[in-house]
Amino acid sequence: GEGVSFDLANRTLLEETEAESTAASVADSVPLENTALLERAVARLLELQEHDGAWPYEGVYRVRGEIPVGYRIGGTAIAGQALLAVPGKESAENKAAITRGIELILKELEHPLMKPSSQDTYDVRVWGHIYALDLFCQLESYEDFDEIKQRTKPWIEQLVRILVIEELEDGGWNYANRRSHACFVTAPAIQALLRAKSIGIEVPEELLERAASALLASRNETGSFQYSGSVGRSRRNDQLPGSIARAAVSEVSLMMLGKGDVDHLRAAIDAFHEHWDELEKRRKKTGTHQPPYGVAPYYFYYGHRYLAQAIQLLPADDRETKYLRFEKVLLKTKDDDNTWNDRVFARSKAFGTSMSILALARENDVLPTAAK
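Being a predicted model, the structure only gives us computed values, none of them experimental.

K.L.:
Please explain helix H6 (residues 146-166) as it appears in this structure.
P.N.:
Owing to its 3.6 residues per turn, the α-helix aligns residues three or four sequence positions apart on the same side. Over its 21 residues, H6 extends 30 Å from the first C-alpha to the last, a length consistent with the 30 Å expected when each residue adds 1.5 Å. By the largest-angle criterion, Thr-152 marks the main kink of H6, which is about 30°, and a proline, Pro-154, follows within four residues. Turning to H6, its buried residues number three or more, namely Ile-148, Lys-149, Thr-152, Trp-155, Ile-156, Leu-159, Val-160, Ile-162, Leu-163 and Glu-166. Residues of H6 that are buried make contact with helix H4 (92-109), helix H5 (125-139) and helix H7 (183-198).

Dropping the structure here:
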């Protein structure tokens, strides 16, 4: 239940003592074989950036026949985070690509369909709000982006206010409806808000408390998390094999709030490996929540990114073996062109590759400072 301290300036976890801050470089914390792999993946990600600066996430859902604005923003923000987490992020090419992506996000945030909304309907704008906030807060640690930060910084407080408006009555967030929270939306929202808090932005404590309570109410005795809602109110997709892509991110976010523990974190990591085949069965398949476990393809690399994050929170002497086991699994699904894609759509390749880069970057996928 005690909070864990992290360094926000794209550094490794503090492994010595709370009093001693070590600023290891990206290259020091990523194995050489991962560094070479990341370089190839980054090269492909740069090629996948579209002419307008976007790395849009593509799925089945459309608005007026087009990829939703929230998907364009969210996918682009995640790609930007991936480029900030790798060796060579200071290169002129990487910085130019990140800047083009941020320009796209700033433009799209002004779109009418990105205004805060509390309508009870399927609406993925909150996904864009969460990941734009996360990227903009992370950007504050980098001097190389001072010029564009003058435009992103005012949005940070505004995006926090938007998430306050979009919060559900009982806490948490969802994009499918407003009847109950979904932990795969609530957990990353918590992380974005904690990152905002860590750079001095006021975030209502009661907002975080309600989000934590919502996550805890969704955890079953087996360690699985409800697809949406709390235990006892819904039996939809609550079995452990179908929950492994959302359990780790939920446990990580609870740890950051001081509401989790290492035992639950370990259980989520073990369950991921035990039931990984059920997740793999749905990769690059059509349809969404198919029986028997209701696994949708688009949670595949989402789950892998946050599983790597969970490993960061383990005791230091336990991380290396867990990383090696996990990375071996992740590399099974890499395509021959050095990308990852869990969908049948070509454009979602950027999302899968970005999430995989973040997973392989180890501690350089920086975590927001945990609440004490």
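K.L.:
Explanation requested: the environment of Asn-177 in the structure shown.
P.N.:
Looking at where Asn-177 falls in the secondary structure, it is placed in the loop between H6 and H7. Residues Asn-177 and Tyr-122, spaced 55 residues apart in sequence, show a C-alpha to C-alpha distance of 5.5 Å. With sequence-adjacent residues up to four places away left out, Asn-177 is seen in contact with Asp-120, Thr-121 and Leu-168. Within the structure, Asn-177 has its side chain in polar contact with the backbone nitrogen of Arg-179 (distance 2.9 Å). At 3.5 Å, the side chain of Asn-177 forms a polar contact with the backbone nitrogen of Ser-180.

K.L.:
What exactly am I supposed to notice about the packing of aromatic side chains here?
P.N.:
Two descriptors summarise a pair of aromatic rings, namely the distance from one centre to the other and the angle between the planes of the rings. Enumeration according to the criterion identifies 20 aromatic pairs in this entry. Ring geometry for Tyr-57 and Tyr-71: centres 5.1 Å apart, planes at 85°, overall edge-to-face. Taken together, the residues span a long stretch of sequence, with Tyr-57 in the loop between helix H2 (32-48) and helix H3 (69-84) and Tyr-71 in helix H3 at a distance of 14 residues. Overall, Tyr-57 belongs to the buried group, its relative accessible area being 5%. In this structure, Arg-283 packs its charged tip against the face of Phe-300, placed 5.7 Å from the ring centre.

K.L.:
Could you clarify how one ought to interpret the confidence of the model for the protein in this entry?
P.N.:
Of the residues in the protein, 89% have a pLDDT of 70 or more, and the chain-wide mean is 88. Per-residue pLDDT stays below 50 along residues 1-28; that stretch engages in 60 contacts with residues further than four places along the chain or on separate chains.

K.L.:
Just to check I follow, could you spell out the environment of Phe-300 for this structure?
P.N.:
Locating Phe-300 in the fold gives a position in helix H12 (residues 300-312). Taking C-alpha positions, Phe-300 is 6.2 Å from Asp-342, a pair spaced 42 residues apart along the chain. Among all residues touching Phe-300, those that are not within four sequence positions of it are Trp-276, Leu-279, Glu-280, Arg-283, Thr-333 and Asp-342.

K.L.:
Please clarify how unusual backbone geometry should be interpreted in this entry.
P.N.:
When glycine is set aside, most residues are seen to have a negative phi, and most peptide bonds are trans. Phi is positive for Arg-64, which is not a glycine, with a value near 55°. Not every positive phi belongs to a glycine, and Asn-338 is a case in point at roughly 65°. Within the element layout of this structure, Asn-338 appears in the loop between helix H13 (316-331) and helix H14 (349-360). Residue classification places Asn-338 among the buried positions, given a relative accessible area of 17%.

Definitions and cut-offs
Residues numbered from 1 in each chain as written. Predicted model: local features only at pLDDT ≥ 70, side-chain atom pairs only at ≥ 80, totals over all residues. Heavy atoms only, no water. Helix = DSSP H or I, 4+ residues; strand = E, 2+ residues; numbered from the N terminus. Expected span 1.5 Å × (residues − 1). Bend = angle between axes of the 7 residues up to and from the residue. Buried < 20%, exposed > 50% of the residue type's maximum accessible area, 1.4 Å probe, protein only. Contact = heavy atoms within 4.5 Å. Polar contact = N/O pair within 3.5 Å; in protein donor to acceptor, adjacent residues only side chain to side chain. Phe/Tyr/Trp six-rings, centres within 6.5 Å; stacked < 30°, edge-to-face > 60°. Lys NZ or Arg CZ within 6 Å of the ring centre and 35° of its normal. pLDDT = per-residue confidence, 0-100.

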